[in-house]
Amino acid sequence: MLISETMKKIPLLKYSHQENKHIEQYSEKQLKVIVYDTVRSIKDPEKPFNLEDLDVVYEDGIEVSKGLNGDEYVYRIRVEFKPTIPHCNLATLIGLCIRMKLKENLHVRYKLTIRVKEGSHVLADDVNKQINDKERVAAAMENKSLKQFVLNCIKNEE
């Protein structure tokens, strides 16, 4: 189900919280569907398939919970992915694509953690560290050719 179809079926709850007015709020289950629907369509950097087709992302790899640091309007989102091969040299790029696609498409307050599935990559700890470091992500997105590559992978094709 595409995100546009999902959004039509989900009633939105609005709230006003401090300076953030009219931010969308969902149940954990609803947001999990939205997150999965958003990341599954990301194109693989090397192959002519999306991440769902290659089983790089999967529904069970998405976790959503409400109430980060006692704030019921902030979600904790965890996305786990599995590179196609244990020595995939583009695992960090896939994680960056996941982060940027969610940044562009989620209209909620959230803390995102992206992880390589345990045992699926030889350098999982290094990849996890890079894709969850705000400064490294910002530096990567300042590189024009890398930014264009990410944008090509995450663009929506209707």
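Just so it is clear, the structure is predicted and the values come from calculations on it, not from any experiment.

Caption draft 1: Structural context of the pairing of strand 4 (residues 71–81). In this sheet, strand 4 lies alongside strand 3 (residues 62–68) in antiparallel orientation, the contact comprising six bridges. Counted as the bridge partner of Val-64 is Ile-77 from strand 4. Counted along the chain from strand 3 to the antiparallel partner strand 4, the turn is two residues long, and its residue Asn-69 has a positive phi close to 55°. Where strand 4 lies against strand 5 (residues 109–116), eight bridges are found, and the strand directions are parallel. Bridge pairing links Val-79 to Ile-114 in strand 5. The β-α-β motif built from strand 4, the intervening helix 3 (residues 91–105) and the parallel element strand 5 has right-handed crossover chirality.

Caption draft 2: Region of interest: unusual backbone geometry. The phi dihedral of Asp-55 is positive, around 60°, even though this residue is not glycine. Asp-55 sits in the partly exposed class, given a relative accessible area of 46%. Even without being a glycine, Asn-69 presents a positive backbone phi close to 55°. Among the structural elements, Asn-69 can be located in the loop between strand 3 and strand 4.

Rules used in this analysis
- Residues numbered from 1 in each chain as written.
- Predicted model: local features only at pLDDT ≥ 70, side-chain atom pairs only at ≥ 80, totals over all residues.
- Heavy atoms only, no water.
- Pairing = 2+ DSSP bridges.
- Helix = DSSP H or I, 4+ residues; strand = E, 2+ residues; numbered from the N terminus.
- Right-handed = clockwise from strand over helix to strand, strands pointing away.
- Buried < 20%, exposed > 50% of the residue type's maximum accessible area, 1.4 Å probe, protein only.

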